[in-house]
Amino acid sequence: MRLPRNLSLAGAVLLLPLLFSIACSATADDATPTPQQPPSTPRSANALYPYDVFLVAASGERKAAFGAYFWQTDSGLAIDVKSPGFPTATLEPLPVSRDETVRIEARDGPAPNELTLHVYARDGNTGPLSPDAPDTEAFKPQTDPVTSTQLQLTPDGRAYTWTVDLEPGTYFVLGNATWSNPVRPEKPRTVEVAFAIEVAE
């Protein structure tokens, strides 16, 4: 922009900030908005694996490790997976307080129709995963559970709650979850899930 010849030096100095402000305003108005992140890819209707299940406590959350499961999609595809155990490397203990009420919920699908928990002390319930993986330590139930309970759905039908009435120590939590199967109602979708917890003193 050319300034008039009769504009004093002082006037030019005062005018420059105004011109700079106008230019910045025009640039901001003309800028292309930052695109939002696209939504995450939804779960496929033909996914041959269970819904993700989480244990949620005041200290954080842990995603369940899957053991044996039978899963069938609404289109009829089915898979029956066997499991020799749960590698302990995948079971990082979640810190919980005694008598704390925790939640167990599915994130990418409905909550199970039924969920039963069996709790085992860590001591006495680990061993080699299998003859083919003798160096992989795994949770493999070998003693009686410390406690077992069939949980009840929360009133909103989205999760289960469990009160951790256990002595201080490290435990494995084995869940037997069941979802309805619209293709074969007589053979529900069944899944073993496992977590580890550390009950504080």
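Shown above is the structure to which this text applies.
Below is a summary of the structure that appears in this document. Keep in mind the model is a prediction, meaning the values are calculated, not measured.

## A closer look at the overall build of the chain
The helix and strand inventory of the chain stands at 1 helix and 14 strands. In the chain, the proportion of contacts linking residues at least 24 apart, taken out of those at least 6 apart, comes to 70%. Accessible surface computed for the chain: about 12,400 Å², of which carbon and sulfur atoms make up 54%.

## Section: the pattern of salt bridges
All told, the structure shown has 11 salt bridges when counted by the stated rule. Of the charged contacts in the structure, one is a salt bridge between Glu-61 and Arg-107, with a shortest N-O distance of 2.7 Å. With Glu-61 in strand β2 (residues 60-63) and Arg-107 in the loop between β7 (101-106) and β8 (114-121), the pair connects residues that are 46 residues apart, well separated along the chain. Among the salt bridges present, the one from Glu-105 reaches Arg-107, with a minimum N-O distance of 2.8 Å.

## Examining the sheet that holds β2
Within the open sheet, the 4 strands sit side by side as β2-β1-β7-β12. Their pairing is antiparallel. For this open sheet the edge positions go to β2 and β12 (159-163), each flanked by a neighbour on one side alone. Across this sheet, the average inter-strand angle for adjacent strands is 20°, counted without regard to direction. Here strand β1 (residues 53-57) pairs with β7 via 4 bridges, running antiparallel. Residue Leu-55 lies in a different strand from β7, and its bridge partner there is Ile-104.

## A closer look at the side chain of Asn-125
Topologically, Asn-125 is positioned in the loop between β8 and β9 (126-130). In this structure Asn-125 comes out as buried when scored by relative accessible area, which is 0%. Polar side-chain contacts of Asn-125 include one of 2.7 Å to the backbone nitrogen of Gln-142. When near neighbours in sequence (up to four residues on either side) are disregarded, Asn-125 contacts Tyr-120, Ala-138, Phe-139, Lys-140, Pro-141, Gln-142, Thr-143 and Phe-172.

## A look at the environment of Gly-127
When you line up the elements, Gly-127 lands in strand β9. By relative accessible area, Gly-127 is classed as buried at 15%. Taking the C-alpha atoms as reference, Gly-127 lies 9.3 Å from Pro-141; in sequence the two are 14 residues apart. Here Gly-127 is in contact with Thr-136, Glu-137, Ala-138, Lys-140 and Gln-142, once residues within four sequence places are set aside.

Criteria and cut-off values
- One numbering rule holds for all chains: residues counted from 1, following each sequence as written.
- Totals for whole chains, interfaces and linings use all residues, but because this is a predicted model, local features are given only for residues with pLDDT of at least 70 and pairs of side-chain atoms are given and counted only at 80 or more.
- Remark: hydrogens and water are excluded; side-chain values derive from all non-hydrogen atoms of the structure.
- Only DSSP runs of H or I with at least four residues qualify as helices, and only runs of E with at least two residues qualify as strands; both kinds are numbered from the N terminus onward.
- The contact criterion used throughout is that any non-hydrogen atoms of two residues lie within 4.5 Å.
- Exposure was quantified through the Shrake-Rupley algorithm and a 1.4 Å probe, taking into account, for residues, occlusion by the shown protein chains and nothing else.
- Salt bridges are defined by distance alone: a side-chain nitrogen of Lys or Arg within 4 Å of a carboxyl oxygen of Asp or Glu.
- Here, strands pair whenever DSSP counts at least two bridges between them.
- As a rule, the C-alpha atoms of each element are fitted with a line to give its axis, helices using only the stretch in contact, and angles between N-to-C directions run from 0 to 180 degrees.
- Buried, partly exposed and exposed residues are distinguished by accessible area as a fraction of the type maximum, computed with a 1.4 Å probe on protein chains only: under 20%, between the cut-offs, and over 50%, respectively.
- Two N or O atoms count as a polar contact when they lie within 3.5 Å, although within protein this holds only if one can serve as hydrogen donor and the other as acceptor, and sequence-adjacent residues are included solely when both atoms are side-chain atoms.

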